[in-house]
Structures are given as structure tokens and as C-alpha cells.
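Coordinate analysis (summary)
Listed below are the residues making up each chain.
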Amino acid sequence: MKRKQKYAIGLAITLLATLLLQACGDPTATIVPTTTTIPKTTVATTTTVATTSVATTTGAASSTPITAAPTVAPTTTAVPSPATLAKITFALDWVPNTNHTGIYVALQKGWYKEEGIDLQILPYSEAATPETLITTGKADLGIGSAESIVGAAAAGQNLVSVAAVIQKDSSAIVTLKESGLTSPKMLDGKRYAGFGASYEEPVINAMIKKDGGKGQFQNITANVFGFEAVTSKQADFVWVFEGWDGIEAQLQGLKLNVMPITKFGVPDRYTPVIETSTDLIKSKGDALKRFMKATARGYEFAVSSPKEAADLLITANPKGTFSNPELVYKSQEYLSPRYKEGVSQWGTQTLKAWTDYPKFMYEAGILLDVDNKPLTKELDYSKLFTNDLLSKS
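Residues numbered from 1 in each chain as written. Predicted model: local features only at pLDDT ≥ 70, side-chain atom pairs only at ≥ 80, totals over all residues. Heavy atoms only, no water.

1. Remarks on helix H3 (residues 101-109)
Counted residue by residue, H3 has nine buried out of nine residues, so it is predominantly covered. Taken together, the buried positions of H3 are occupied by Thr101, Gly102, Ile103, Tyr104, Val105, Ala106, Leu107, Gln108 and Lys109. (Buried < 20%, exposed > 50% of the residue type's maximum accessible area, 1.4 Å probe, protein only. Helix = DSSP H or I, 4+ residues; strand = E, 2+ residues; numbered from the N terminus.)

2. Focus: the sheet that holds strand S10 (residues 273-277)
The pairing of strands in a sheet comes from backbone hydrogen bonds and takes either a parallel or an antiparallel form. Strand order in the open sheet formed by five strands is S2-S1-S3-S10-S4, with mixed pairing between adjacent strands. Because the sheet does not close on itself, it has two edges, and the strands there are strand S2 (117-122) and strand S4 (159-164). Within the sheet, the average angular offset between the axes of one strand and its neighbour, ignoring direction, is 30 degrees. Sheet topology places strand S3 (residues 141-144) next to S10; three bridges connect them, and they run antiparallel. Bridge pairing in S10 places Gly142 opposite Glu275. Each of S3, S4 and S10 touches helix H6 (residues 146-154); the most contacted strand, S4, lies at about 155 degrees to it. Against the sheet, helix H10 (residues 278-304) touches strand S1 (86-91), S2, S3, S4 and S10, its axis set at about 150 degrees to S10. (Pairing = 2+ DSSP bridges. Axes fitted to C-alpha atoms, helices over the stretch in contact; angles between N-to-C directions. Contact = heavy atoms within 4.5 Å.)

3. Quick word on the side chain of Ser331
Here Ser331 is to be found in helix H12 (residues 325-335). Looking at Ser331, the relative accessible area reads 0%, which means it is buried. Sequence-distant contacts of Ser331, that is, excluding residues within four places in its chain, are made with Thr98, Gly243, Trp244 and Ile247.

4. Details of the packing of helix H11 (residues 306-316) against H12
One can describe the packing of H11 onto H12 by two numbers: an axis separation of 9 Å at closest approach and a directional angle of 140 degrees. Between H11 and H12, the interaxial angle falls into the category oblique. In this structure, the crossing between H11 and H12 has a hand that is right-handed. Here Pro306, Lys307, Ala310, Asp311, Leu313 and Ile314 of H11 come into contact with H12, specifically with Pro325, Val328, Tyr329 and Gln332. Of the residues assigned to the contact of H11 with H12, the class counts are seven nonpolar, one polar and two charged. (Parallel < 35°, antiparallel > 145°, perpendicular 65-115°, else oblique. Left-handed = near helix turned anticlockwise from the far one by under 90°. Nonpolar A, V, L, I, M, F, W, Y, C, P; charged D, E, K, R; others polar.)

5. Description of the side chain of Gln332
By the secondary structure assignment, Gln332 is in helix H12. Ignoring anything within four residues of it in the chain, the contact list for Gln332 reads Thr98, Thr101, Ala302, Pro306, Ala310 and Tyr339.

Structure, rendered in C-alpha cells:
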């Protein structure tokens, strides 16, 4: 899990190069079935069932005298048979973590089957990114980032974001408290443990300049990840997600100086997002809507019941997936209120968010066209996302 944020922040654009080269590898890990046993201690006694996937049966009146109240059998939920379930494949961006909680909650609760969906989760594989799997027809949806969506659009790919997992960017530049580096302008000339993504330098440069510095720093490649690069003195600062790395640092007793990205001139962004292709929306739109209905239900559950949601995430995965369960619970406490922060419906996206950050990327000159040359014309930002697969509330 220590490597998770390395991918979540840094590899989204780096691995997009794989997509542009049309490189693709089949996932080799075992698919997670939808028949995972639901732990008795975490299953709700009642569930709200969509009318589109429920059959109710009412028993006939009993043979008692006409003056007696008729006996009525309780209503039952009819789960579609396997033959009628629509298969949906979903590609993870890294090992299971709290960005994925809503999906595992819905899986454990049986809500995908209630919507007539046979969900198969494709474990992350370095051989092929979610973007590559989607655009080559090997996955229907996956977890992505704003950078992967924008980069794909610049290169002529038809990826689109269909839901924002988290509403606000929770990433930050951090230094060790003992370093005395407490603001971005103090990072001029310092060593940054980079991930190799094209957008890292423009973002950090903007932060330093916004704070009054020159924007000049050393982008190094360390032989360890994240905080380890800083604690081993190979680097002075690193880019992390507060909802995972920041909490992990606290559990390790590390004291940090935290500089949130969006507080220093960098536009907010959705990260991560759920992505698919426009072609799949056209060909499998109904199934994708039902998938999203169950998924939204899972994240809404995580908002209201973070501990139980974390229980389900842990239970759904093989023993040993999470080396420190306390990190999962604390991360879930952090993320649950942020899944739908500022919006009434989970997953909702706005044109403003899908304009401000992509425009920042364009103006920084880091977007490449289909010929691998700098993009010379702004994108149609309205085509980067859609809210159409979300249920109308």
C-alpha cells in the first residue's frame, strides 16, 4: 500500500503513453467474483430496492372464515438469475483502497445483482492501465484521474469521466517538520522526489511562484517511495494524498509541514474519477446506468457509515491485503465526508472543474496531440465528463 499514491498522483499521465502507443496486456490476476460472502456482522437487515429490479409476491388469503383478516406473505426481493445478468468489467488503478470503498460496499451488499449487473473487478496490473483496458475493449469502466482523461482527449481518445469519486483535491506537498521548510517559496533549489509525470513540475512551479518564489527546484528520482525518500534524506519534499499518505505518516509518528495544492494557485480537480468511453455509453448505456446506480448507493452508504464501509472493504479482499487495518479505518473517516462534499448527489461533476484544471494543463504546455506534439488548440471541456449515467434525484 505504500506505493498506492505513487500511481494515483504520478503514473496517470506517464502510463498514458502506453495508451498512445496502443500497448495492451491482458490482466492476469484472478477476477473478483460477485458472490463474495457477506459478513453477518455488517449486513443491514433491510435494503431499499429499485423497482426496476424487484419482483414482489403477495400470498393469497388464508382459508379462515371471511371475517378474519387475510394472511399475506411478506414481500421478497427477486434477484435476476445469472443468465439474465449484464456482465460489467471494472479496472482498478491500484490495489484496493479507500478510493474504491463504494464499489466494494455495493458488491458485498449484493446491490449490483439487484440492478441486474454481474460485476467483475479486474485487479490492477502494470501490464495495462485502466485507460488502455477501456479503449481496447477489455474493460467497461475503471478508476482514472483528471490527468488521464484530459491527456486521452488531447491525443484523440474518447475517454470520459462519469463520476467524481471525491469532490475536492486532497493532495499536498509535504516536508518534514524538522526541515523548517514551511511554505512553497522555501522550496526553491530544494530536492523533489518526483514520479515522472509531465504535470508535476508545472504544478509545483506554479505553487512556488504563487508564494513569491522563483519556481526553481531539483526534480530527482529516488530509489524509495514517498515519505521514505524524505526520511532517508534523498529528497526535501514530496507530493502526497492527505487521506492516505498523510494519515500513514501520523500513524508512524512523523510530523509534517503540509502545503495543500489548491491553496497555492493550482485549480481544483476531481481525483480519482470513474471513467469509460463514449462508445461504451452508446452500446451499453442502460447497463452502465444500472452499474452507476448501485455504485452511488455504495458510496452514499460509506458517507453515512464509514466504519461499516471500511469493514466491508477489508472483508471483500484477501487476508493480508491491508497490512495496517487502522490505516484503512482512519482513511475512511477522512474520505467519507469528502465523497460528496458540497454536492447533494455523489458523483456529480461541474463544467467549471472540468475547465479550470484542464485549461491549466493546456497553458502549461504539457498536453500532447495524436502526433505526440504539444496541443495547439484548447479542448472542448464539456466533452471530458458527463453526469448522464447518474440517477436523477
